[in-house]
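# Report on the structure
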Amino acid sequence: MSEDSIPGPGNGQTLLDADQRRAAWDRLGSEQFDVVVIGGGVVGAGAALDAATRGLKVALVEARDFASGTSSRSSKMFHGGLRYLEQLEFGLVREALHERELSLTTLAPHLVKPLPFLFPLTHRLWERPYVAAGIFLYDQLGGAKSVPAQKHLLKAGALRLAPGLKRNSLIGGIRYYDTVVDDARHTMVVARTAAHYGAVVRTSSQVVALLREGDRVTGVRIRDTENGAVTEVRGHVVVNATGVWTDEIQALSKQRGRFRVRASKGVHIVVPRDRIVSEVAIILRTEKSVLFVIPWGTHWIIGTTDTDWNLDLAHPAATKADIDYILGHVNSVLATPLTHDDIDGVYAGLRPLLAGESESTSKLSREHAVATPSPGLVAIAGGKYTTYRVMAEDAIDAAAEFVPTRVAPSITEKVPLLGADGYFALVNQAEHVGKHYGLHPYRVRHLLDRYGSLIGEVLAMAEGRPDLLTPITEAPVYLKVEAWYAAAAEGALHLEDILARRMRISIEYPHRGVDCAREVADVVAPVLGWSAADVDREVATYEARVDAEVSSQTQPDDASADALRASAPEARAEILEPVPLN
C-alpha cells in the first residue's frame, strides 16, 4: 500500500499486490520512521493518516486485517449518541456531531449517509417535552446542519412511517436524523488514504515485542503471519491503537499503564428488510440502554447488547441468550414478531471501554484517553467510532513530543478520504456511467456508495473481462469485479477478508457466504497467486469459521459459545503470544 513516488492526490491507486507487500516489508525493516502505529482499526488507521498528512514518516502494522476487530462490528452509525445527553456528556455529543457533519459533507460522503429515525413515544404528558428537549439540544449541538431538524408526529403519523409497529406500542413519535456507514469499508479507506499520503501500511504483521534503548521504546518487532518472517521496525515513537488489546501491548513494555481497558460485548442480528415494514430506522429504549433497528440495504440490523467479555478478544461469540434478548426487546413493539428463522446474520463486537482502578467504583465511559506510559510509547483507547479522527489527532499530538523535528498541526479535517472527491457529480451521472459499462443505474449507485469516485478504477479491472461484471451467483448484490478489486487494491489476503469485510456477505445472506465461497475464491485466485490447493484450503477454512460461529450462537452462555468459536482454524498463520521486553 506504500508508494515510492511523491504522495498526493495525483497518484491514486495505492494497490496492494504481492510485490508491494514485499517492498513494504523491506521498508519496514530498513528505514527509520517518525511514528509507528500498532493497530489497523479505525483509530490506528486514522492516526496513520493524521501523522502522514502532517508530513511525518509513518508505518502502520496490523496483525490480522483492517477492521478485523471492533471496527467491523459496530452498530454501523456515525452518530452523536442521543442517549449520552441523559448522562450529561454534552462535550462528547457535540464533538461526535461535529465529526458526523464533517464525514457526511466533506470527508466521506460516499460512505456516510443520512438516516431518518423514529423515536416512538410511550408515555403521555411528560415524555414528549422531555425527549423533544433532548433532540432539540442534539440539533443545536450540531445534529441539524446537513439533515432536517426534528419533526413531531401523532400516533397516526408515526405508524405511517413505521407500519410494522404494534398500534398499542406507541402514542406518537419524533422523527430525527443520524447516519449509517459501512464501518469495515470506511476503516479500510482511511488506511488506504494514509498510504496514499505516504504511510507504509501492512496487514498480517503482528507486533511480538517492543524494542527499547534504556527506558525508551524505539520501535517494534513484527512477525509476518502469512509466512512467519520476523523483522524490526524503528520509530521515534510508537502509538498503541489496538483497542481491546491495549493492555496486552502495554504489558510488553513492563511498565504500568495509565488506564485499563475493559471489553464490553455488543451483539447485532441481521434480518431481511421485508420482515419489518418501516420507512425509517427505529430507536427503542431498554431497561439498560437503547436498541437500534437500522436499515442496511436489503436488511435490518438490530442491536445491541452490552455485557462484560473476558474470553477470546479476536473472536467474541454471540450466544442464544444474546439473540433472545434482542428478539425479546424488538418483538415487544413489532406487529409481526421475528423468530430465529428470520435471522440471516449475527455478529458480535467488543467495545474498548476505559475502566477505573477499582471494579466497584469504575465508571465505564465512551470518552477516550491518551497516555504516555513509557518514553516513546503513546496509548490511545476508549471513545466511539464516530470520534476516530479526534482520537487520532490527540494521539499524534501526544506522539509529537518524541519526534525530533517540528510537527505541523493536524489537517485531517480538510482531507477527504479516497473516493470522496467527485462523488456527488458521479451520482448525477449514474445513468451515463451505467450505459458506458452496460450496468443498470441502480447497480452504479450501489457501487458509488461503496467506492465513490474510485468507481472507474474498480470497473477498469473488468476491461476485457466481461465476466467480472456479472453478479456473484449466490450473493447477487455484489459483482465479481468487486472481489477482484478487494484482492488487487484493498489489501484483502484471505477469503474471510473479502466475504466478511470488503463485502458483507457473511452477515447479509442466510448461507453466511458458504454458498459463494468457492466462486469468490476462484475469482481472486489469479490476483493472489493461489493454487488449486490454496483455494481448497481457503474455502475449507472459511466454511469452518461459519460453522463455528453458527454453532456458537446456539449455546446458552459465553464460555460454551467461546469454546465452539475458538475451535475454528485461523485464515492467517498462528498468532503468537507477544514477547515482553527483556
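Residues numbered from 1 in each chain as written. Predicted model: local features only at pLDDT ≥ 70, side-chain atom pairs only at ≥ 80, totals over all residues. Heavy atoms only, no water.

The protein chain goes by Glycerol-3-phosphate dehydrogenase in an unreviewed UniProt entry, where it is assigned to Mycolicibacterium grossiae.

## Remarks on the overall build of the protein chain
Scanning the protein chain for helices and strands turns up 19 helices and 19 strands. For the protein chain, the C-alpha radius of gyration of 23 Å lies close to 25 Å, the compact-globule estimate for 582 residues. Along the longest, intermediate and shortest principal axes, the C-alpha atoms of the protein chain span 65 × 60 × 50 Å. The proportion of buried residues among the 582 residues of the protein chain is 62%. Residue pairs at least 24 apart in sequence account for 72% of intrachain contacts in the protein chain once pairs closer than 6 positions are excluded. Total accessible area on the protein chain is roughly 22,000 Å²; 53% of this is exposed by carbon and sulfur atoms. Charged side chains of the protein chain number 62 positive and 73 negative; the gap between the two group centres comes to 5 Å. (Helix = DSSP H or I, 4+ residues; strand = E, 2+ residues; numbered from the N terminus. Rg over C-alpha atoms; globule rule 2.2 N^0.38 Å. Buried < 20%, exposed > 50% of the residue type's maximum accessible area, 1.4 Å probe, protein only. Contact = heavy atoms within 4.5 Å. Areas by Shrake-Rupley, 256 points an atom, 1.4 Å probe, with all protein chains shown as cover. Lys, Arg positive; Asp, Glu negative; His and termini not counted. Charge placed at Lys NZ, Arg CZ, Asp CG, Glu CD.)

## Focus on the environment of Val-181
The topology assignment puts Val-181 in strand β5 (residues 172–181). In this view, Val-181 contacts Lys-76, Met-77, Phe-78, Leu-111, Val-112, His-186 and Trp-296; residues no more than four positions away in its chain are not counted.

## Some thoughts on unusual backbone geometry
The phi torsion at Ala-67 lies on the positive side, around 60°, for a residue other than glycine. The phi dihedral of Lys-76 falls on the positive side, at around 65°, and the residue is not glycine.

## Side note on the domain arrangement of the protein chain
Taken domain by domain, the protein chain consists of domain 1 (18–70 + 185–260 + 368–414), domain 2 (83–180 + 262–363) and domain 3 (462–567). Averaged C-alpha coordinates put domain 1 and domain 3 at centres separated by 28 Å. Facing 11 residues of domain 1, the contacting portion of domain 3 comprises 9 residues. For the domain 1 and domain 3 pair, buried surface summed over both sides reaches about 870 Å², with 40% attributable to carbon and sulfur atoms. Looking only at domain 1, the three residues that lose the most surface to domain 3 are Asp-65, Arg-185 and Arg-192, adding up to 53% of its buried area. Where domain 1 meets domain 3, there are 3 salt bridges. Glu-490 is the salt-bridge partner of Arg-185, the closest N and O atoms lying 2.6 Å from each other. Linking domain 1 with domain 3 are 7 residue pairs in polar contact (both at pLDDT 80 or more), by the criterion used here. Looking at the side of domain 1 that touches domain 3 element by element, the count peaks at 3 residues for helix α6 (residues 183–196). Looking at the side of domain 1 that touches domain 3 residue by residue, the classes come out as 3 nonpolar, 3 polar and 5 charged. (Domains from an automatic or database assignment. Buried area = accessible area lost by both parts, 1.4 Å probe. Salt bridge = Lys/Arg side-chain N within 4 Å of Asp/Glu carboxyl O. Polar contact = N/O pair within 3.5 Å; in protein donor to acceptor, adjacent residues only side chain to side chain. Nonpolar A, V, L, I, M, F, W, Y, C, P; charged D, E, K, R; others polar.)

## A look at the pairing of strand β8 (residues 216–224)
Counting buried positions over the 9 residues of β8 gives 7, a clear majority of the element. Where strand β7 (residues 205–213) meets β8, 8 bridges bridge the pair, whose relative direction is antiparallel. Note that in β8 the partner of Gln-206 across the bridge is Arg-223. In this antiparallel pair of consecutive strands, β7 and β8, the connection spans 2 residues, and Gly-214 shows a positive phi of 65°. Pairing geometry for β8 and strand β9 (residues 230–240), over 5 bridges, is antiparallel. Residue pairing for β9: Arg-223 is matched across the bridge by Val-230. Here β8 folds back onto β9, and the loop between the two strands holds 5 residues, one of which, Gly-228, carries a positive phi near 85°. (Pairing = 2+ DSSP bridges.)

## Some words on the packing of helix α15 (residues 495–502) against helix α18 (residues 532–552)
Between α15 and α18, the least distance of the axes is 9 Å, while the angle of their chain directions is 45°. Considering their axes alone, α15 and α18 lie oblique with respect to each other. In this structure, α15 uses Leu-495, Glu-496, Leu-499 and Ala-500 to contact α18, whose residues at the interface are Glu-538, Val-539, Tyr-542 and Arg-545. Tallied by class, the residues present in the contact of α15 with α18 amount to 5 nonpolar, no polar and 3 charged. (Axes fitted to C-alpha atoms, helices over the stretch in contact; angles between N-to-C directions. Parallel < 35°, antiparallel > 145°, perpendicular 65-115°, else oblique.)

## Quick word on the pairing of strand β10 (residues 260–272)
Successive side chains on a regular strand alternate, one facing one side of the sheet and the next facing the other. Most of β10 sits out of view: 12 of its 13 residues are buried. Alignment of β10 against strand β15 (residues 345–355), held across 11 bridges, turns out to be antiparallel. Its bridge partner lying in β15, Val-270 is registered against Gly-345. Here β10 runs beside strand β14 (residues 307–308); their pairing, made up of 2 bridges, is antiparallel. Along β14, the bridge assignment pairs Lys-265 with Thr-307. Judged from the 5 bridges that link them, β10 and strand β13 (residues 299–303) form a sheet pairing that is antiparallel. Its bridge partner being in β13, His-268 is matched across the sheet by Gly-303.

## Brief notes about the packing of helix α11 (residues 430–437) against helix α12 (residues 441–451)
Contact geometry of α11 with α12 gives a least axis separation of 8 Å together with a crossing angle of 105°. Comparing their axes, α12 and α11 come out roughly perpendicular. Seen from α11, the contacting residues are Ala-430, Glu-431, Val-433 and Gly-434; seen from α12, they are Pro-441, Val-444 and Arg-445. Considering only residue class, the contact of α11 with α12 consists of 4 nonpolar, 1 polar and 2 charged.

## Re the nonpolar core
Ranked by size, the top nonpolar core spans 96 residues in total, and within it Val-35, Val-239, Val-481 and Ile-505 carry the most contacts. Not counting residues within four places of it along the chain, the set of residues in contact with Val-239 comprises Val-35, Val-36, Val-37, Ile-38, Val-378, Ile-380, Ala-395, Ile-396 and Ala-399. The next biggest cluster of nonpolar side chains, apart from the first, holds 30 residues, and it includes Leu-170, Ile-282, Trp-300 and Ala-318. (Core = buried A, V, L, I, M, F, W, Y, C linked by side-chain atoms within 4.5 Å.)

## Thoughts on the side chain of Thr-319
Considering the arrangement of structural elements, one finds Thr-319 in the loop between β14 and α8 (320–331). Contact partners of Thr-319, with chain neighbours within four places excluded, come to Lys-265, Ser-552, Gln-553, Gln-555, Pro-556, Asp-557, Asp-558 and Ala-561.

## Some remarks on the confidence of the model for the protein chain
Summing up the model confidence of the protein chain, the mean pLDDT is 92 and the portion of residues at 70 or higher is 93%. For residues 1–15, every residue scores under 50 in pLDDT, and the model assigns this stretch 45 contacts once sequence neighbours within four places are set aside. Note on residues 357–365: pLDDT under 50 across the span, and 16 contacts to partners over four residues away in sequence or across chains. (pLDDT = per-residue confidence, 0-100.)

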